[in-house]
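An overview of the molecular structure
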Amino acid sequence: MKAPEQYDPSKPPAKNSIPPLSMQRSDKSPAIPVGTPTITQTHKRTARADKKPFQWQFLSPKYWAIWLLFLMMLPMIYLPLRWQFWLGRKVGILFYKVVGSRRRDTLINLKLAFPEKPEVERELMAKQVFVNQGIGIFETLCAWFRPNVFTRTVSISGLQHLVNAQNENRPVILLGAHYTMLDLGGLFCAQFFALDCMYRTQNNPLLDWFIYNGRTNIFGKQISSRDMRSLVSSIKAGHVIWYSPDQDYGLKQGVMAPFFGVPAATITASRRMAKLGSKAHPPAVMALHTYRQTPDNLPSGKRPHYHLTITPELHNYPSNDEVADATQVNEVLEGLIRIDPTQWMWFHRRFKHGPTGRTNIYK
């Protein structure tokens, strides 16, 4: 799959690409034409979920650090996006230097996945992963609380695959991945089609409260990974359901399948989901890629641009072979991640399980 063309600041501009001085704009982002529908005006959703209620325990001292961080960062999302990107880079570089365990895990993952690359190149990739995640924090907060700042910043390819399935009255299982612009990707998808999402409850109750309530502004339903009744209900209703099968949950819920050439515990829930619903209108399973095309050092006078890619429906999925199915899913996601590997969350311990249990590669 060919990656969308990306801005390269190291290349000189084409001869005719620089407008005359009389036509050049100021450092401000290009104005959006009057009357252009905003993100919130074109947002599509299956339902409006209720927010989780506030709990008084959230005011206890053990949560004060989270409150302080949130109160520090929330006002920053009202800065211009170019300034937010700059701050995101600084936050990412700080995390790269300070959070040693995550840095080490990232470098180990990149060494396993890209053994052909020199060590110095993998270190640059690892640092860029953290930079993209730092920017992703601001992108996520804006997606929750200030979505209209992204008006006219997204394009999409492959939408016809999803539309064709819906025209056949088939639900769609959309296999995503943990990209650094995770929730912003959901917001952009909702500009083209309504969708529900699967989620895993956070271990920290306050973080779970923040994330769940933020996502109620994006998704129609948030379906717990343990709530099979809600999942079946969405499938029978013909909804699009976003599910990310790219993390290691061990072999109780999965099988070993290669991922970037490395045997990895791969969850098989998506093939079970594909067997739910009507036999006459079975779910269509396809993959989603979300991608920031502009560089992290956003040029003056430019707005960021993002691209969504939806793949064709997976062939012969699900089959009678769960390892073959897991391998196909990993191959599709790997191909999409390779468009820009640094926009995927490599700091997760993707290879922590082997065929006989936990590995020691992260020690």
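Just above, that's the structure.
Read on for an overview of the structure. (Residues numbered from 1 in each chain as written. Predicted model: local features only at pLDDT ≥ 70, side-chain atom pairs only at ≥ 80, totals over all residues. Heavy atoms only, no water.)

Some thoughts on the overall build of the protein chain
The line we're drawing: Think of it this way: any DSSP run of H or I at least four residues long counts as a helix, any run of E at least two long counts as a strand, and we number them from the N terminus. As a reference, a globule follows 2.2 Å times the number of residues to the power 0.38, and the radius of gyration itself is taken over C-alpha atoms. Contacts are assigned to residue pairs that have any heavy atoms within 4.5 Å of one another. Residue burial considers only the protein chains on display, and all accessible areas are found by Shrake-Rupley using a 1.4 Å probe. All tallies of charge rest on Lys and Arg as positive and Asp and Glu as negative; His and the ends of each chain are not included. The atom standing in for a charge is NZ when the residue is Lys, CZ when it is Arg, CG when it is Asp and CD when it is Glu.
Scanning the protein chain from terminus to terminus reveals eleven helices and eleven strands. What you see for the protein chain is a C-alpha radius of gyration of 21 Å, in line with the 21 Å of a compact globule of 363 residues. Based on the C-alpha atoms only, the size of the protein chain along its principal axes is roughly 65 × 55 × 50 Å. Sequence separation of 24 or more characterises 79% of the internal contacts of the protein chain that already satisfy a separation of 6 or more. Element-wise, carbon and sulfur atoms account for 56% of the exposed surface of the protein chain, whose accessible area totals about 18,700 Å². A gap of 6 Å separates the mean positions of the 45 positive and 25 negative side-chain charges of the protein chain.

Digging into the sheet that holds strand E3 (residues 196-199)
Here is the rule we go by: Here, strands pair whenever DSSP counts at least two bridges between them. Axis lines are fitted to C-alpha atoms, over the contacting stretch for helices. Their N-to-C directions set the angle, which ranges from 0 to 180 degrees.
Taking strand neighbours across the sheet as the criterion, the seven strands line up as E1-E9-E8-E2-E5-E3-E4 in an open arrangement whose pairing is mixed. Where the open sheet ends on each side, the last strands, each with one partner, are strand E1 (154-157) and strand E4 (222-224). Neighbouring strand axes in the sheet, compared pairwise and without regard to direction, differ in orientation by 25 degrees on average. Note that strand E2 (residues 172-175) and strand E5 (residues 240-243) share four bridges and pair parallel. When the bridges of E5 are listed, Leu 175 appears paired with Tyr 243.

Description of a nonpolar patch on the surface
For clarity, the threshold we go by: A patch consists of residues whose relative accessible area exceeds 30% and which take part in no salt bridge; residues with like charges are grouped when within 9 Å of each other, and nonpolar side chains (Val, Leu, Ile, Met, Phe, Trp, Tyr) when within 5 Å. Whenever Lys or Arg places a side-chain nitrogen within 4 Å of a carboxyl oxygen from Asp or Glu, that contact is recorded as a salt bridge. Per-residue accessibility, obtained with a 1.4 Å probe over protein chains only, is compared with the maximum for each type, and a residue is labelled buried under 20%, exposed over 50%, and partly exposed between these values.
A cluster of nonpolar side chains, Phe 54, Trp 56 and Leu 59, forms an exposed patch at the surface whose accessible area comes to about 370 Å². Assignment of secondary structure puts Trp 56 in the loop between helix H1 (39-42) and helix H2 (64-73). Classification of Trp 56 as exposed rests on a relative accessible area of 70%.

Quick word on the nonpolar core
Here is the rule we go by: Throughout this description, the term nonpolar core refers to a set of buried Ala, Val, Leu, Ile, Met, Phe, Trp, Tyr and Cys residues connected via side-chain atoms within 4.5 Å.
If you look at the biggest cluster of nonpolar residues, it comprises 48 residues, and the most contacted ones within it are Phe 150, Leu 184, Phe 193, Leu 195, Leu 206 and Met 286. In terms of residues, this core owes the most to one element, helix H5 (residues 119-145), which gives seven residues. Those residues in contact with Leu 195, other than ones at most four positions away along the chain, are Thr 46, Gly 186, Cys 189, Ala 190, Phe 219, Gly 220, Lys 221, Val 240 and Trp 242. By size, the runner-up hydrophobic cluster in this structure holds 43 residues, among which are Leu 110, Leu 175, Met 198 and Tyr 243.

Brief notes about unusual backbone geometry
Pro 318 follows Tyr 317 through a cis peptide bond whose omega is 0 degrees. Even without a glycine there, the phi angle at Arg 152 is positive, about 60 degrees. Relative to the elements of secondary structure, Arg 152 occurs in the loop between H5 and E1. For Asn 316, which is not glycine, the phi dihedral falls at a positive 50 degrees. Residue class for Asn 316 comes out exposed when judged on its relative accessible area of 53%.

Some thoughts on the environment of Ile 339
Relative to the elements of secondary structure, Ile 339 occurs in the loop between helix H11 (322-337) and strand E10 (353-354). Expressed as a C-alpha distance, the spacing of Ile 339 and Tyr 291, which sit 48 residues apart in the sequence, is 8.5 Å.

Structural notes on helix H8 (residues 205-215)
For the record, the criterion: Side-chain atoms alone can form a polar contact between residues adjacent in sequence; in general such a contact is a pair of N or O atoms within 3.5 Å, and within protein one must be able to donate a hydrogen while the other accepts it.
Among the eleven residues that make up H8, eight are buried, leaving the element largely enclosed by the rest of the structure. Leu 206, Asp 208, Trp 209, Phe 210, Tyr 212, Asn 213, Gly 214 and Arg 215 are the residues of H8 that are buried. Those residues of H8 that are buried are in contact with H2, H5, helix H7 (182-189), E3 and E4. Where H8 starts, the residue carrying a side-chain oxygen 3.0 Å from the main-chain nitrogen of Leu 206 turns out to be Asn 204.

Things to note about the packing of helix H4 (residues 100-113) against H5
Operational definition: With respect to orientation, any angle under 35 degrees is reported as roughly parallel, any angle over 145 as roughly antiparallel, any angle of 65 to 115 as roughly perpendicular, and every other angle as oblique. With the far helix as reference, a near helix turned anticlockwise by less than a right angle produces a left-handed crossing, and one turned clockwise produces a right-handed crossing. Residue classes follow a fixed rule: Ala, Val, Leu, Ile, Met, Phe, Trp, Tyr, Cys and Pro count as nonpolar, while Asp, Glu, Lys and Arg count as charged, and any other residue, Gly among them, counts as polar.
Between H4 and H5, whose axes approach to 9 Å, the crossing angle comes to 130 degrees. The angle between H4 and H5 places the two elements in the oblique class. For the pair H4 and H5, the sense of crossing is right-handed. Of the residues in H5, those in contact with Arg 102, Arg 103, Thr 106, Leu 107, Leu 110 and Lys 111 of H4 are Arg 122, Glu 123, Met 125, Ala 126 and Phe 130. Residue composition of the contact of H4 with H5, grouped by class: five nonpolar, one polar and five charged.

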